[in-house]
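# Working through the structure, step by step
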Amino acid sequence: GGGQQNAMRPGTESPALAAAFALALELALEEQKEYADNGHRCQKAFLNALQKKTTRFQENHSKKGLPNTLNLTFSGIDGRMLLPACDAEGLGISAGSACSSGAPDPSPILQATGLSKEDSRSSVRISFGRKTKKEDAHEGGRRLGETVLRLYEIAFQ
């Protein structure tokens, strides 16, 4: 390779890779609205089912948030304790973003939005995939609600 790119990864660009990337972007843009609409439907179904089981949670989001992602706080329940209980129920949720997986400290992002350290630790993240159906999201909300109720019973006996 030569120095034509400031000695950073010199070489000839691949026209095939550039064309494939352009096509991937085009397809993603075409599907973006459908994906966002499905995310909103899943969020609504999930929250409706969860609210039927318990109202002891706070929704942490902004209008600029991702349409396929929820962040919920269950005050008094450590999110790291909630995860194994949810896993046993077949729910795949997380206590934060993938890039902070395993971090011992609560999310600095949630704290920057005004949540206390304790509430940040009591928060979980729920994401809906491209192919998640509204019915599946509803079932997930129902299961999470039942799981949270059991944990509250244990925590506040």
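Definitions and cut-offs
- In every chain, residue numbers begin from 1 and rise along the written sequence.
- With the structure being a predicted model, the display of local features is reserved for residues of pLDDT at least 70 and the display and counting of side-chain atom pairs for 80 or more, all residues being used for whole-chain, interface and lining totals.
- With hydrogens and water excluded, all non-hydrogen atoms of the structure serve as input to the side-chain values.
- In DSSP terms, a helix is any run of H or I states spanning at least four residues, a strand is any run of E spanning at least two, and both are numbered starting from the N terminus.
- Working rule for contacts: check all heavy atoms of both residues, and any pair within 4.5 Å makes them a contact.
- Note that accessible areas follow from Shrake-Rupley with a 1.4 Å probe, and for residues the cover is restricted to the protein chains shown.
- Paired rings are identified among Phe, Tyr and Trp, the last through its six-membered ring, by centres lying within 6.5 Å, and are further divided according to the angle between planes into stacked (under 30 degrees), edge-to-face (over 60) and tilted (the rest).
- In this scheme, Lys NZ or Arg CZ marks a charge over a ring once it lies within 6 Å of the ring centre and within 35 degrees of the ring normal.
- What a helix is expected to span follows from its residue count: subtract one and scale by 1.5 Å.
- A simple rule labels every residue: compare its accessible area, found with a 1.4 Å probe on the protein chains alone, to the largest value its type can have, and call it buried under 20%, exposed over 50%, or partly exposed in between.
- Pairs of strands are assigned from DSSP output, requiring at least two bridges between the strands.
- Remark: nonpolar core denotes a set of buried residues (Ala, Val, Leu, Ile, Met, Phe, Trp, Tyr, Cys) joined through side-chain atoms within 4.5 Å.
- Looking at any residue, its pLDDT shows the predictor's confidence there, from 0 to 100.
- Here a salt bridge means any side-chain nitrogen of Lys or Arg lying within 4 Å of a carboxyl oxygen belonging to Asp or Glu.
- What qualifies as a polar contact is a pair of N or O atoms within 3.5 Å, subject to a donor-acceptor requirement within protein and to the restriction that residues adjacent in sequence count only when both atoms come from side chains.

### Remarks on the overall build of the chain
- Assigned secondary structure in the chain consists of five helices and three strands.
- Written out in order from the N terminus, the α and β elements of the chain read α-β-β-α-α-α-β-α.
- Long-range pairs, those at least 24 residues apart, make up 74% of the contacts in the chain between residues at least 6 apart in sequence.
- Carbon and sulfur atoms make up 55% of the accessible area of the chain, which totals about 10500 Å².

### Focus: the packing of aromatic side chains
- Going through the model one piece at a time under the given rule, you end up with two aromatic pairs.
- Taking 6.0 Å as the distance between ring centres and 45 degrees as the angle between the ring planes, the aromatic pair formed by Phe57 and Phe74 counts as tilted. Remark: Phe74 occurs in the loop between strand 2 (69–73) and helix 2 (79–88) and Phe57 occurs in the loop between helix 1 (15–53) and strand 1 (58–59); sequence separation between them is 17 residues.
- Sitting over the face of the ring of Tyr35, Arg130 holds its NZ or CZ atom 4.4 Å from the ring centroid.

### Considerations on helix 5 (residues 134–155)
- Helix length check: helix 5 (22 residues) gives 31 Å between terminal C-alpha atoms against 32 Å at 1.5 Å per residue, within 8%.
- Residues Ala137, Gly140, Gly141, Leu144, Gly145, Thr147, Val148, Leu151 and Tyr152 constitute the buried set of helix 5.
- The inward-facing, buried residues of helix 5 contact helix 1, strand 2, helix 2 and strand 3 (123–127).

### Details of the sheet that holds strand 2
- Judged by pairing direction, the sheet is antiparallel, and its three strands sit side by side in the order 1-2-3 without closing on themselves. A strand with exactly one partner marks an edge of an open sheet, and here the two such strands are strand 1 and strand 3.
- One ladder, built from five bridges, connects strand 2 with strand 3; its direction is antiparallel. Each residue of the ladder has a partner; that of Leu72, found in strand 3, is Val124.

### What to know about the nonpolar core
- Within the largest apolar cluster, 22 residues are counted, with the highest numbers of intra-cluster contacts made by Phe46, Leu72, Phe74, Leu82, Ile126 and Leu144.
- Contributions of two or more residues to this core are made by helix 1, strand 2, helix 2, strand 3 and helix 5.
- Setting aside its immediate chain neighbours within four residues, Ile126 contacts Phe46, Asn68, Thr69, Leu70, Leu72, Ile93 and Leu144.

### With respect to the confidence of the model for the chain
- Mean pLDDT for the chain: 86, with 86% of residues reaching 70 or above.
- Confidence scores differ between elements of the chain, with helix 3 (residues 108–112) showing the lowest mean pLDDT of 83 and helix 1 the highest of 95.

### Here's the deal with the pattern of salt bridges
- Under the defined criterion, the tally for this structure stands at seven salt bridges.
- A salt bridge links Arg143 to Glu139; the shortest N-O distance between them is 3.1 Å. Within this pair, Arg143 and its partner Glu139 are both found in helix 5, separated by four residues, close to a single helical turn.
- With relative accessibility at 29%, the residue Arg143 sits in the partly exposed group.
- Overlapping salt bridges, with partners in common, bring together Lys53, Glu139, Arg142, Arg143 and Glu146 in one network.

### Let's talk about the side chain of Thr73
- Relative to the helices and strands, Thr73 is located in strand 2.
- A polar contact is formed between the side chain of Thr73 and the side chain of Ser123, at a distance of 2.6 Å.
- Non-local contacts of Thr73, meaning those with residues more than four positions away in its chain, are made with Arg56, Phe57, Gln58, Asn60, Leu115, Asp119, Ser122 and Ser123.

### Topic: the environment of His40
- Among the secondary structure elements, His40 is positioned in helix 1.
- The class for His40 is partly exposed, based on a relative accessible area of 46%.

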